[in-house]
Amino acid sequence: MTELEEMVLTPDERARGVQADSVLFVMDWTGEDHPGQLAEFVAGRVRAFGADPADVDTSAVRRAAEADPALRRGDVPVRQLDHLAGVLADLGCTLVVLDSGTDTYEVMVALTDGHEPAGLTHQGVPVRAWGSAPAQTLVSLDCPGCSQMLVWELPADQTLAGEHCDCGAALFDAAGHPLPGVTLHD
């Protein structure tokens, strides 16, 4: 049994052989399939750990986001996850996310009693607390010289200092900042 399973499963679930995948919520980057799914999942996990999920609700977050004129596609799930991470901290839990490199949010609720989990993996995929820095950074852009899409997956402490495209176009300066004309994808 891994440390992650000890944090995301109750003792009863572990005794019954429940797998961590059964307490994993997967949400597309654009949001829930149905309003309230994420909050319902989180509330269920909080209940499983024996806490009161009374404050586990994202409807106010969703309403506030919908009234925001600067709202962009994909903003609502981030705001919901931010909100729930704060609520869970007050309940001795942590919202954790699998860094699978996809455009989906794969989240679990871990019973952490205020300690931020570190060094966790699930099936070889890094797991970190929501809001903490990822171990790797994904950088993508379209080359201003040839329009080719370029993608790098870098350790969090590495930059693309002095990087050029195969066509010869300079992309980043010596400090790793994008040069004028280079726009990174969000």
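Note that residues are indexed from 1 along each chain, following the sequence as it is written. Owing to the predicted nature of the model, reporting of local features is limited to residues with pLDDT of at least 70; listing and counting of side-chain atom pairs is limited to 80 or more, with chain, interface and lining totals taken over all residues. Side-chain calculation: all heavy atoms of the structure are included, whereas hydrogens and water are not.

**Things to note about the nonpolar core**
Ranked by internal contacts, the top residues of the largest apolar core, which has 21 residues, are Leu38, Val42, Leu81, Leu95, Val107 and Val109. When contributions to this core are tallied by element, the ones reaching two or more residues are strand S1 (25-28), helix H3 (37-48), helix H5 (75-89), strand S2 (93-98) and strand S3 (104-111). Apart from the residues within four sequence positions on either side, Leu38 is in contact with Phe25, Met27, Glu32, Gln80, Leu81, Leu84 and Val107. Put simply, a nonpolar core is a bunch of buried Ala, Val, Leu, Ile, Met, Phe, Trp, Tyr and Cys residues held in one set by side-chain atoms that sit within 4.5 Å of each other. Under the scheme applied here, a residue whose accessible area is under 20% of the maximum for its type counts as buried, over 50% as exposed, and between as partly exposed, the area being computed with a 1.4 Å probe on protein chains only. Each helix is a run of DSSP H or I of at least 4 residues and each strand a run of E of at least 2, with the numbering of both proceeding from the N terminus. The criterion used for residue contact is that any of the two residues' heavy atoms lie within 4.5 Å.

**Describing the pairing of S1**
Here S1 shows a buried face lined by Phe25 and Met27 and an unburied face lined by Val26 and Asp28. Two strands qualify as a pair provided that DSSP identifies no fewer than 2 bridges between them. Here 4 bridges tie S1 to S3, and the two strands are oriented antiparallel to one another. Within S3, the residue paired with Val26 across the bridge is Glu106.

**Considerations on the packing of aromatic side chains**
Pairing of aromatic rings covers Phe, Tyr and Trp, the last through its six-membered ring, and needs centres within 6.5 Å; plane angles under 30 degrees mean stacked, over 60 mean edge-to-face, and all others mean tilted. As enumerated under the stated definition, the model contains 3 aromatic pairs in all. Between the aromatic rings of Tyr105 and Trp130, the centroid separation amounts to 5.7 Å while the plane-to-plane angle is 75°, which identifies the pairing as edge-to-face. Of this pair, Tyr105 sits in strand S3 while Trp130 sits in the loop between strand S5 (125-129) and strand S6 (136-142), and the two are 25 residues apart along the sequence. An identical accessibility class is assigned to Tyr105 and Trp130; each is buried. Seen in terms of ring centroids, Trp152 and Phe172 are 6.1 Å apart; in terms of plane orientation they differ by 85°. Their pairing is edge-to-face.

**Things to note about the sheet that holds S2**
In space, the 5 strands of this open sheet follow the order S1-S3-S2-S5-S4, with antiparallel pairing throughout. Every interior strand has two partners, whereas the edge strands, S1 and strand S4 (120-122), have only one. Strand-to-strand, the axes of this sheet are offset by a mean angle of 35°, without reference to chain direction. Sheet topology note: the S4/S5 ladder contains 3 bridges and is antiparallel. The residue bridging Thr121 from the neighbouring strand is Pro126, located in S5. Here H3 sits on the sheet in contact with S1, S2 and S3, set at roughly 25° to S3. Sheet contacts for H5: S1, S2 and S3; angle to S2, the most-contacted strand, approximately 145°. Geometry is summarised by axes, namely lines fitted to C-alpha atoms with helices restricted to the contacting stretch, and by angles between N-to-C directions that run from 0 to 180 degrees.

**Observations regarding the state of the cysteines**
In this description, the term disulfide denotes a pair of cysteine sulfurs within 2.5 Å. Under the defined criterion, the tally for this structure stands at 0 disulfides. In this model Cys143 remains outside any disulfide bridge; the closest cysteine sulfur is found in Cys165, 3.6 Å from its own.

**Things to note about a negative patch on the surface**
Judged by side-chain charge, Asp52, Asp55, Asp57 and Asp90 come together as a negatively charged surface patch. You can see Asp90 is positioned in the loop between H5 and S2. Taking relative accessible area as the criterion, Asp90 reaches 70% and is therefore assigned exposed. Patch rule: a residue counts if its relative accessible area is over 30% and it has no salt bridge; like charges are joined within 9 Å, and nonpolar side chains (Val, Leu, Ile, Met, Phe, Trp, Tyr) within 5 Å. Using a 1.4 Å probe, the Shrake-Rupley method yields the accessible areas, and only the shown protein chains count as cover for residues. We define a salt bridge as a contact between a side-chain nitrogen of Lys or Arg and a carboxyl oxygen of Asp or Glu at a distance within 4 Å. Counted charges follow a simple rule, with Lys and Arg positive, Asp and Glu negative, and His plus the chain ends left uncounted. By convention, charge coordinates are those of NZ in Lys, CZ in Arg, CG in Asp, or CD in Glu.

**Considering the packing of H3 against H5**
Two elements in contact, H3 and H5, have axes whose closest approach is 11 Å; the angle formed by their N-to-C orientations is 20°. The orientation of H3 with respect to H5, classified from their angle, is roughly parallel. The hand of the H3/H5 crossing is right-handed. Note on element contacts: H5 touches H3 through Gln80, Leu81, Leu84 and Leu88, opposite Leu38, Val42 and Val46. Three residue categories are used. Nonpolar comprises Ala, Val, Leu, Ile, Met, Phe, Trp, Tyr, Cys and Pro, charged comprises Asp, Glu, Lys and Arg, and polar comprises the others, including Gly. Across the contact of H3 with H5, the residue classes break down as 6 nonpolar, 1 polar and no charged. Between 65 and 115 degrees an angle is taken as roughly perpendicular, under 35 as roughly parallel, over 145 as roughly antiparallel, and anywhere else as oblique. Two helices cross in a left-handed way if the nearer one is turned anticlockwise from the farther one by less than a right angle. They cross in a right-handed way if the turn is clockwise.

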